[in-house]
Amino acid sequence: APADPATVDAPGMQETVEVSEGDVPKHVFSFEIEPTEVETVRRAALKIEFPLMEEYDFRRDSTNPNLPIELKPSTAIRPYQERCLSKMFGNGRVRSG
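Per chain, residue numbering runs from 1 following the sequence as it is written. Only residues with pLDDT of at least 70 are given local features in this predicted model, and only at 80 or more are side-chain atom pairs given and counted; all residues enter the totals for whole chains, interfaces and linings. Side-chain measures here rest on the full set of heavy atoms in the structure, leaving out hydrogens and waters.

Novice: Honestly, the overall build of the chain in this entry has me stumped. Any pointers?
Specialist: Working definition: helices are DSSP H or I runs of at least four residues, strands are E runs of at least two. Numbering for both runs from the N terminus. Counting its secondary structure elements, the chain contains two helices and four strands. Moving toward the C terminus, one meets the helices and strands of the chain in the order β-β-α-β-α-β. Counting only contacts in the chain whose residues sit at least 6 apart along the sequence, the fraction spanning at least 24 positions is 44%. In the structure as shown, the chain presents an accessible area of about 9300 Å², 56% of it carried by carbon and sulfur atoms. In this description, contact between two residues means that some pair of their heavy atoms is separated by no more than 4.5 Å. Under the convention used here, a 1.4 Å probe and the Shrake-Rupley method define accessible areas, while residue burial counts only the protein chains that appear.

Put into structure tokens, the structure is as follows:
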């Protein structure tokens, strides 16, 4: 029988607690999955209704070229946009999920 996913200890696993304004603290576990096992993990997480978030390490990506984009000097980022972007691009990785 497979191990309970809540008790599996993966090499390199990191636990953090994330708290947003007014939110209840939640435990977040992060670890890297072998490319050959991504679909297996995705299906298993869906089956047990466990939230899964994928990250893309854009700083280390050598496959896709960087886009030469710059904001106009007159551009002002609104506070809600800044909060959203900082959550999405935190730690040099793009989050989805």
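There is more to say, and it comes next.
Novice: For this particular structure, what's the right way to read the pattern of salt bridges?
Specialist: Two side chains carrying opposite charge are able to pair once their charged atoms lie near each other. We count a salt bridge whenever a side-chain nitrogen from Lys or Arg sits within 4 Å of a carboxyl oxygen from Asp or Glu. Across all of its chains, the model carries one salt bridge by this definition. One salt bridge connects glutamate 39 with arginine 42, and the closest N-O pair in it is separated by 2.3 Å. Of this pair, glutamate 39 and arginine 42 are both found in helix α1 (residues 38–47), three residues apart, which corresponds to roughly one turn of the helix. Relative accessibility decides the category of a residue: with a 1.4 Å probe and only protein chains considered, values under 20% of the type maximum give buried, values over 50% give exposed, and everything between is partly exposed. For glutamate 39, a relative accessible area of 41% gives the class partly exposed.

Novice: I would appreciate a short explanation of the side chain of aspartate 61 in the present structure.
Specialist: Locating aspartate 61 in the fold gives a position in the loop between β3 (54–56) and α2 (79–88). Buried and unpaired, aspartate 61 has arginine 60 as its nearest opposite-charge partner, separated by 11 Å. A distance of 2.7 Å separates the side chain of aspartate 61 from the backbone nitrogen of threonine 63, its partner in a polar contact. Residues adjacent in sequence count toward polar contacts only when both atoms are side-chain atoms; beyond that, a polar contact is any pair of N or O atoms within 3.5 Å, and within protein one must be able to donate a hydrogen and the other to accept it. Polar contacts involving the side chain of aspartate 61 include one to the side chain of asparagine 64, which spans 2.8 Å. Just so you know, the count uses Lys and Arg for positive and Asp and Glu for negative, and it drops His and the chain ends.

Novice: Would you take a moment to explain a nonpolar patch on the surface for this structure?
Specialist: Exposure above 30% relative accessible area and the lack of any salt bridge qualify a residue for a patch; like charges then connect within 9 Å, and the nonpolar side chains Val, Leu, Ile, Met, Phe, Trp and Tyr within 5 Å. Together, Leu71, Ile77, Leu85, Met88 and Phe89 line one region of the surface with nonpolar side chains, adding up to about 450 Å² of accessible area. As for its position among the elements, leucine 85 is in helix α2.

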